[in-house]
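Understanding the architecture of this molecule
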Amino acid sequence: MAFIRCDGERVTLVFALEQGGAADCVYCGARLPGGEDLAELAAAAARGRHENQPDLPPAPGVLPEAKGGWSGTPAVILRRGGLRVETDLRVSGWQAAPDSLDITFTDEALALTLSLEWRIAAGDVVEAHAVLVNRGAPDLELERLAALALPVPRRFAELTTFAGRWAGEMRQHRRALAPDGFARTSASGKPGFGGGNWLILHDGASEEVLAAHLAFSGDGDTRIECDMQGSGDGRAVLQLAAEQPHALGRFPQGAAAQTPRAVFALAPDRSALAQNLHAYLRAEVLPGRKAWGPRKVHLNSWEALGFDLSESGLAVLAESAAALGVERFVLDDGWFGAKGRGRRNDRTSLGDWFVSPDVFPRGLAPLIARVHALGMDFGLWVEPEMVSPDSDLYRAHADWCLHIEGRERPTMRGQLALDLSREAVRDHLFARLDALLGEHAIAYLKWDHNRDLFPSAPGQAEGFYALLDRLRAAHPHVEIESCSSGGGRIDFGVLARCTRVWPSDNNDAIERLRIMHAWSQFLPLEVLGSHVGPSPNPITGRRLAMDFRAKVAVFGHMGVEANPARMTERERETLAAHIALYKAWRGVLHAGRLHRLAHPDPNVTALLVLDEGKALALAAQTAFSPVFDAAPLRLAGLDPEARYRVTLPEPWPNKARHYLANPEAWRAGLILSGTALMTQGLALPLTHPETAWLVALERTS
Ligand code: GLA
């Protein structure tokens, strides 16, 4: 038995490898001291045999197979003529580096080679993927190939999953892991709102967490199978696999299949976990992240004008946006379509990516010029993967959509989906988008995806990536947002190609606060679109003060999703003041370490971002507090010995401001130590519903 350790900054993985046998991950946790005896470490964790298990207990390890009596889901499922072929993949070699391990397994009888590649990346995030090669077995079909199989350390006894719906993304559910484990398979051709590709395991006795995610924009299968029977060694096995690409695909001699990446990360608590994942995304995933400029304030036309578009109306909207300090004007749905048959509602014209002569008789250029003259850049909405049955594209190529020959073609939002596994479809879309970007000064695309993919769409996610990659290569300066009716396609796969996601269509600040808090567990604020919506909110009907809406929106990539003309003068002033605050603080918010601040009132959500001695915190109360004097807000992540000047950036919330004990002292700034701020905290008036405060800190010594 060989023992190999891989180390990150604060984590260690230890593998036990038996040449001709199994491979296991026998330690996964805090970084071990140098010189730890790995054989003794494994011996200390090994289980004795008990009476009700196979004589040679199966060792699923990092490659569970249906052999030797293990009853869980195999990491590899192959079939021949519809019948399962049992694999017997054994360790045949490995390559180790201080932070990575590639293990090769072979099944001599079936002439299969499988490589598992694990690497500890930036932020101590572990990346894993698998490559399976058929070296000579005839007639195989590949049904499943997991990217990751991780034996779960026994201390992780609870699980948080994230399931939601349109306009209500990422609701958390925490529960015990055993005895049932967890299984979730998406079937809409994208991660969707089910959240099955995000999960967090919790140590029952401390705050330690382990998060796992499949970096893939198609369907995924996430499962944790508990070994309650003890037929193996008692550990649960977590597996992440892409669903579609291999589903019953032919796997002929010489074929190779590669999974997308799965990632997992360990951290002492949920703030540290967010920081690790953000560090990883910033360093290794987000395209060209180091060269990003400040995240510009957007105004998006959707909630302001809907389909009621005209050049003059948009110019007026652009003027009101510029007056608020907006830096990018985004023209949403409704701008395209053939003459007389354009996109005047959501039942038509997807696929006809030509500037509508009905809406823009002079083309888009005059509007873009006006936007530029106002000091903003210009962005455009597209939904390239879709087609309306009522479109010139569909009339010309009815066979380009996902469909089953001879069956009905059911629509969703009045639309069908194009089959992006077909090269001709991708070429056509590339040509159209390339022309649009070539002909107009477009700085940003909001790339939407508003229909589930049915019938099932093997190769769709890969086709989407190929199209996006080709377009990005041709137009490297265009920023692209991934939107899918809000947060229906958010994952680390799409984020390797985009600079921003649209976390939800729901801009109601109370809902949005919860949604942003959930997403920011995994994603840094600079990629999370965060817009001030109208009041009343069109989805929830709720009315919220501009001060509250704007403060919540500062904690993300800020924008406006409303018509300034329908705001009062006072609201516009408040919004403009918060846009200015966002500009002053985005350098910190978009580079710093995010802390999830605890507060005893469950209706208070609080975050703090700290970067090089400067920090901004948001504390938002959504309900009416049961106590008059809300508990102080205790900060986190500060240097205990350092001193900070603390101010409450104005404007202050209208009602709560009257309950501030020392307004003048807050204006001048209180000087407090990190210890005082983290131990005693700040007495903020957080009693009234829909009240938010920003807290600014600057290190003075
Ligand atoms: C989706 C998006 C919205 C908007 C509309 C336009 O619902 O999530 O933000 O762009 O499409 O049709």
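Refer to the structure printed above.
I will try to describe carefully the structure that is included in this document. (Residues numbered from 1 in each chain as written. Predicted model: local features only at pLDDT ≥ 70, side-chain atom pairs only at ≥ 80, totals over all residues. Heavy atoms only, no water.)

**Let's talk about the overall build of the protein**
Check the secondary structure of the protein and you find 13 helices and 38 strands. Compactness check: the protein gives a C-alpha radius of gyration of 27 Å against a globular reference of 27 Å for 701 residues, within 12% of the reference. Dimensions of the protein along its principal axes, counting C-alpha atoms only, are 80 × 70 × 40 Å. Looking at the protein as a whole, 60% of its 701 residues qualify as buried. Considering only residue pairs separated by 6 or more positions, the protein has 70% of its internal contacts joining residues 24 or more positions apart. Taken as a whole, the protein presents about 26,400 Å² of accessible surface, with 51% of it coming from carbon and sulfur. (Helix = DSSP H or I, 4+ residues; strand = E, 2+ residues; numbered from the N terminus. Rg over C-alpha atoms; globule rule 2.2 N^0.38 Å. Buried < 20%, exposed > 50% of the residue type's maximum accessible area, 1.4 Å probe, protein only. Contact = heavy atoms within 4.5 Å. Areas by Shrake-Rupley, 256 points an atom, 1.4 Å probe, with all protein chains shown as cover.)

**Brief notes about the packing of aromatic side chains**
Taken as a whole and assessed by the stated rule, the structure comprises 17 aromatic pairs. An angle of 40° between the planes, with centres 4.3 Å apart, marks the rings of Phe336 and Trp353 as tilted. Within this pair, whereas Phe336 is found in the loop between β22 (328–331) and β23 (337–338), its partner Trp353 is found in the loop between β24 (341–342) and α5 (365–373), the two being separated by 17 residues in sequence. Of the two residues, Phe336 and Trp353, neither departs from the other in class, the shared state being buried. (Phe/Tyr/Trp six-rings, centres within 6.5 Å; stacked < 30°, edge-to-face > 60°.)

**Description of the sheet that holds strand β37 (residues 670–673)**
Sheet architecture is open: six strands sit in the order β33-β34-β35-β38-β36-β37, paired in antiparallel fashion. Here the strands that pair on one side only, and so sit at the sheet edges, are β33 (593–597) and β37. Going across the sheet, the axis of each strand differs from the next one's by a mean of 25°, ignoring polarity. One ladder, built from four bridges, connects strand β36 (residues 643–647) with strand β38 (residues 691–699); its direction is antiparallel. (Pairing = 2+ DSSP bridges. Axes fitted to C-alpha atoms, helices over the stretch in contact; angles between N-to-C directions.)

**Side note on the sheet that holds strand β21 (residues 298–300)**
The pairing of strands in a sheet happens through backbone hydrogen bonds and is either parallel or antiparallel. The strand order across the open sheet formed by eight strands is β30-β29-β28-β25-β22-β21-β32-β31, and the pairing between neighbours is parallel. A strand with exactly one partner marks an edge of an open sheet, and here the two such strands are β30 (500–501) and β31 (529–532). Sheet analysis places strand β28 (residues 444–447) next to strand β29 (residues 479–482), joined by four bridges and oriented parallel. Across the sheet, residue Trp447 finds its bridge partner in β29, namely Ser482.

**Thoughts on the site of the ligand**
Surrounding the ligand, one finds 13 residues, the nearest of these being Asp332, Asp333, Arg413, Lys446 and Asp505. Asp333 is positioned with one of its side-chain polar atoms (N or O) 2.6 Å from an oxygen atom of the ligand. With respect to the ligand, the side chain of Lys446 contributes an N or O atom lying 2.7 Å from an oxygen atom. When the ligand is considered free in solution it has 300 Å² of accessible area, and contact with the protein chains removes 96% of it. (Near = heavy atom within 4 Å. Polar contact = N/O pair within 3.5 Å; in protein donor to acceptor, adjacent residues only side chain to side chain.)

**Observations concerning the pattern of salt bridges**
Applying the stated rule across the entire model yields 49 salt bridges. When the shortest N-O distance is used, the salt bridge between Arg470 and Asp427 registers 2.9 Å. Of the two residues, Arg470 is situated in helix α8 (residues 460–474) and Asp427 in helix α7 (residues 423–439); the sequence distance between them amounts to 43 residues. Take Arg470: its relative accessible area is 40%, and that puts it in the partly exposed class. The exposure class assigned to Asp427 is partly exposed, which follows from its relative accessible area of 34%. Ionic pairing is found between Lys551 and Asp547, a salt bridge with its closest N-O pair at 2.8 Å. Placement of both Lys551 and Asp547 in helix α10 (residues 546–554) is noted, with a separation of four residues, approximately one turn of the helix. The same class applies to Lys551 and to Asp547, which are both buried. Here the salt bridges do not stand alone but share partners, grouping Arg295, Lys296, Arg328, Asp377 and Glu479 into one network. (Salt bridge = Lys/Arg side-chain N within 4 Å of Asp/Glu carboxyl O.)

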